[in-house]
Amino acid sequence: MQRIKIKELLEGAEAGHDVLLKGWVRTKRGNKYVNFIAVNDGSTIHNLQVVAEADKFSEEALKDVTTGAAVAVTGQLVASQGKGQAYEVQATHIEVLGKADPEVYPLQKKAHSLEFLREIAHLRFRTNTFGAVFRVRNALAFAVHKFFNEKGFVYMHTPIITASDAEGAGEMFRVTTLDLDKLPRTEEGAINFAEDFFGKATNLTVSGQLEGELAAMAFSDIYTFGPTFRAENSNTTRHLAEFWMIEPEMAFYDLQMNADLAEEFIKYIIRHALENNRDDIEFLGQRLAEEDKAKPQNERQEMTLLEKLEFVANNSFERITYTQAIDILVNSPAYKKKKFQYDVSWGSDLHSEHERYLVEKHFKKPVIVTDYPKDIKAFYMRVNDDNKTVAAMDILAPGIGEIVGGSQREERLDILVERMKGVGIHEEDMWWYLDTRRFGGCPHAGFGLGFERMVQFVTGMGNIRDVIPFPRTPQNAEF
RNA sequence: UCCUCCUUAGCUCAGUUGGUUAGAGCACAUGACUGUUAAUCAUGGGGUCCCUGGUUCGAGCCCAGGAGGGGGAGCCA
């Protein structure tokens, strides 16, 4: 008999058929006469109840059927006599494929803290919460490719190892094959990277954007979706040293079109998850609601997770300029009551308390902030006609903060070179980038979306370490 | 990196003013129970009180240093 997955079995359920199912035991309960075994195979949040009657199974036969064990069950799918599930399997044969000694198996049939589960990340996939989180993550990743594919974007694999450290997006991880105990030196005493693997100093990428721009100058629309590395000593609930980023880059797009695409994209992948993983999101919503009960009234969420996602998917994002954002903040009650730790003035960057005020208090929806002062933004962002601001955009999401950062790119060679000089980037190191402005350059734009932050938003998980299978953070590279 | 809180049984957590043998719930084991829903009931086993040093007649509790973790901030996606 061919094994059937629980998801498929429940969707096309028809009582009376013999089935073979394989999975892991979540709980076993019962008495001298009958045992109930909840089996989960990861295809869905739902368990399938296996009924093992004592006249068919001795105590000895069920001895190793314990929480965590892998089992193969054959039996007839029948309408359940009990409440709580429509169908169950009347077992005729149960084989324990892999035991899980209950004395030492860390997962129990009770709730565990997320912190504890983080320490056993190799087993946490087997919990309801992490099962749901990673099925949603998968749905979102698939939706990313589906969205761009439907729009005719080319999926581009930009390099992981890069010799360019001009991106200015953060501290980088060095990649080297040099013997760290015997570093080759130049006559001046500096490390001689000419002897290194690539003949020059190399790092792990902090962004595929610059290479993405090169490809967009041929395919019109491209996107990247790959790992990104930042060696910042960040210890927060929304930073990782290794994370996944989606970076579309579009020729002939201006800032407005860029923002339109980003908004459409975010709504699309949320809708995809809502349509395909509703059970998981409902479960995560219940989990969140439980968590909320422990909080004081004023800190509780106004909407359930499902409501929040439906709302975001069906309402337009607020769009304001940086200058308008400063106005709103300066005139806010919070500012007048001196509630902000950091001052607000035109020219300084928005702090997270300001972003949160705009998104969570003032607008209560995602906000796209555009046209930031050029001095606080990257060199490649296009300078506006006022010569004070650049065509940048950040999308701020409730509870997460910055989820997207993007801009129209500076396509005018002279202005770009001038801005590079201003931040100390050598023109000759970036000859290939500047060539796109020399040969058939055109207006273009793009953005980067932090995938894990997106997964956080959709799952409601508060800590970014709980939405990536094996998080890499300062002082932690376990598993 | 800074601020702040935490670390007691496998897990979640109590532990009073420094005082005799460190507790609970869950988990686990054994038994009971004819269909359970994190089943229930009874009984039982289970401890490097994070580590090192100090104060004290006496430290889980006080002091110093260290390690690990949570939350917030900065950097950013």
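Rules used throughout
- Along each chain, residues carry numbers from 1 onward, in the same order as the chain's sequence is written.
- Chain letters start at A and ligand numbers start at 1, both assigned in the order the entries are written.
- Side-chain atom pairs in this predicted model are given and counted only at pLDDT of 80 or more, local residue features only at pLDDT of at least 70, and totals for whole chains, interfaces and linings cover all residues.
- By convention in this description, side-chain values take in all heavy atoms of the structure and omit both hydrogens and water.
- Domain start and end points were adopted from an automatic or database domain assignment.
- Residue contacts are counted whenever heavy atoms from the two residues lie within 4.5 Å of one another.
- Using a 1.4 Å probe, buried area is obtained as the accessible area two parts lose upon being combined, added over both of them.
- One speaks of a salt bridge when a side-chain nitrogen belonging to Lys or Arg is within 4 Å of a carboxyl oxygen belonging to Asp or Glu.
- Here a polar contact means two N or O atoms within 3.5 Å. Within protein one must be a hydrogen donor candidate and the other an acceptor candidate, and residues neighboring in sequence count only if both atoms are side-chain atoms.
- Residues are grouped as follows: Ala, Val, Leu, Ile, Met, Phe, Trp, Tyr, Cys and Pro are nonpolar; Asp, Glu, Lys and Arg are charged; every other residue, Gly included, is polar.
- In short, DSSP must find at least two bridges between two strands for them to pair.
- Numbered from the N terminus, helices here are DSSP runs of H or I no shorter than four residues, and strands are runs of E no shorter than two.
- The convention used is that axes are lines fitted to C-alpha atoms, helices contributing only their stretch in contact, and that angles between N-to-C directions extend from 0 to 180 degrees.
- Between buried and exposed lies partly exposed: a residue is buried under 20% and exposed over 50% of the maximum accessible area for its type, with that area taken using a 1.4 Å probe on protein chains only.
- We call a residue near a molecule or strand when any one of its heavy atoms sits within 4 Å of it.
- The predictor attaches a confidence to each residue, and that confidence, scored 0 to 100, is pLDDT.
- For this analysis, a ring pair means two rings from Phe, Tyr or Trp (six-membered ring only for Trp) whose centres lie within 6.5 Å, classed as stacked if their planes differ by under 30 degrees, edge-to-face if by over 60, and tilted for the remaining angles.
- Here the arc refers to the directions that run from the helix axis out to each C-beta atom.

Engineer: It is not clear to me how the domain arrangement of chain A should be interpreted in this structure. Could you clarify?
Structural biologist: Bring the parts together and some accessible area is lost; that lost area is often taken as the interface size. Domain annotation for chain A reports domain 1 (6-110) and domain 2 (126-171 + 206-466). A C-alpha centroid distance of 44 Å is found between domain 1 and domain 2. With ten residues of domain 1 at the interface, the matching set in domain 2 holds eight residues. Together, the buried faces of domain 1 and domain 2 total about 760 Å²; carbon and sulfur atoms form 47% of this surface. If you sort the residues of domain 1 by the area they bury against domain 2, R26, I45 and L107 come out on top, with a joint share of 60%. The tally of links between domain 1 and domain 2 comes to zero salt bridges. Here domain 1 and domain 2 share six residue pairs in polar contact (both at pLDDT 80 or more) between them. For the side of domain 1 that touches domain 2, the residue count by class is four nonpolar, five polar and one charged.

Engineer: Which parts of the structure should I look at to understand the sheet that holds strand β4 (residues 70-79)?
Structural biologist: Picture the strands of a sheet paired through backbone hydrogen bonds; they go either parallel or antiparallel. Read around the closed barrel, five strands run β1-β2-β3-β5-β4, paired in mixed fashion. Taken pair by pair, the neighbouring strands of this sheet meet at an average axis angle of 55°, ignoring direction. Note that strand β1 (residues 18-30) and β4 share seven bridges and pair antiparallel. Residue pairing in the sheet places L21 in a bridge with V73 of β4.

Engineer: Please explain the environment of L214 as it appears in this structure.
Structural biologist: One can find L214 in helix α5 (residues 209-219). Placed 208 residues apart in sequence, L214 and I6 show a C-alpha to C-alpha distance of 46 Å.

Engineer: Please clarify how unusual backbone geometry should be interpreted in this entry.
Structural biologist: Negative phi is the rule for most residues except glycine; trans is the rule for most peptide bonds. A positive phi angle, near 65°, is found at F252, a position not held by glycine. Mapped onto the secondary structure, F252 falls in the loop between β11 (242-251) and α6 (255-276). Residue F252 is classed as exposed on the basis of its relative accessible area, which comes to 53%. Residue N387 is not a glycine yet carries a positive backbone phi of 60°.

Engineer: In this structure, what is going on with the protein's contact with RNA strand B? I would like to understand it.
Structural biologist: Residues in contact with RNA strand B amount to 51 residues; listed here are only the nearest, R29, E103, T236, H239 and R453. Backbone polar atom of G82 to a base nitrogen of RNA strand B: 3.5 Å apart, as the coordinates give it. Between RNA strand B and L240 there is a distance of 2.8 Å, counted from a base nitrogen to a backbone nitrogen or oxygen. Classifying every residue of the surface near RNA strand B gives eleven nonpolar, 23 polar and 17 charged.

Engineer: Looking at this structure, I do not really get the sheet that holds strand β9 (residues 202-204). What am I missing?
Structural biologist: Ordered by their spatial adjacency, three strands build an open sheet running β7-β9-β8, and the pairing between neighbours is antiparallel. Two strands bound the open sheet, and with one partner strand each, they are β7 (161-162) and β8 (174-175). The pairing of β8 with β9 spans two bridges and is classified as antiparallel. The partner of V175 across the bridge, within β9, is T202.

Engineer: Before we go on, may I ask you to explain the pairing of strand β2 (residues 34-40) in this structure?
Structural biologist: Regular strands place side chains that alternate from one sheet face to the opposite one. Burial within β2 is extensive, with six of its seven residues counted as buried. Relative to β2, β1 is paired through six bridges, and the arrangement is antiparallel. Bridging from a neighbouring strand, K28 pairs with I37 of β2. Following β1, the chain reverses through three residues before pairing antiparallel with β2. Bridge count between β2 and strand β3 (residues 48-53): six bridges; the pairing is antiparallel.

Engineer: Before we go on, may I ask you to explain the confidence of the model for chain A in this structure?
Structural biologist: Regions with low pLDDT should not have their predicted coordinates read in detail. Put simply, chain A has an average pLDDT of 92, and 98% of its residues get 70 or more. Across chain A, element-level confidence peaks in strand β6 (residues 154-155) with a mean pLDDT of 98 and bottoms out in helix α2 (residues 59-62) with 86. We note a pTM of 0.94 for the whole complex and an ipTM of 0.88 for its interfaces.

Engineer: Would you take a moment to explain the packing of aromatic side chains for this structure?
Structural biologist: Each aromatic ring pair is characterised by the separation of its centres together with the angle its planes make. Across all of its chains, the model carries 21 aromatic pairs by this definition. Between the aromatic rings of F130 and F134, the centroid separation amounts to 6.3 Å while the plane-to-plane angle is 25°, which identifies the pairing as stacked. Taken together, the positions of F130 and F134, both in helix α4 (residues 128-150) and four residues apart, correspond to about one turn of that helix. Residue F130 is classed as buried on the basis of its relative accessible area, which comes to 0%. Classification of F134 by relative accessible area gives buried; the value is 13%. The interplanar angle of 45° and the centroid separation of 4.9 Å between the aromatic rings of F148 and F153 together place this pair among those described as tilted. Residue F148 is classed as buried on the basis of its relative accessible area of 0%.

Engineer: Just checking my understanding: could you explain helix α13 (residues 431-438) for this structure?
Structural biologist: An α-helical turn contains 3.6 residues, so any two residues separated by three or four positions project in the same direction. Within α13, the full set of buried residues consists of Y433, L434, T436 and R437. On an axial view of α13, the arc spanned by its buried residues comes to 140°, and they lie on one face. Where α13 is buried, its residues meet α5, α12 (413-422) and β16 (444-450). Residue G440 follows α13 closely and has a positive phi angle near 65°.

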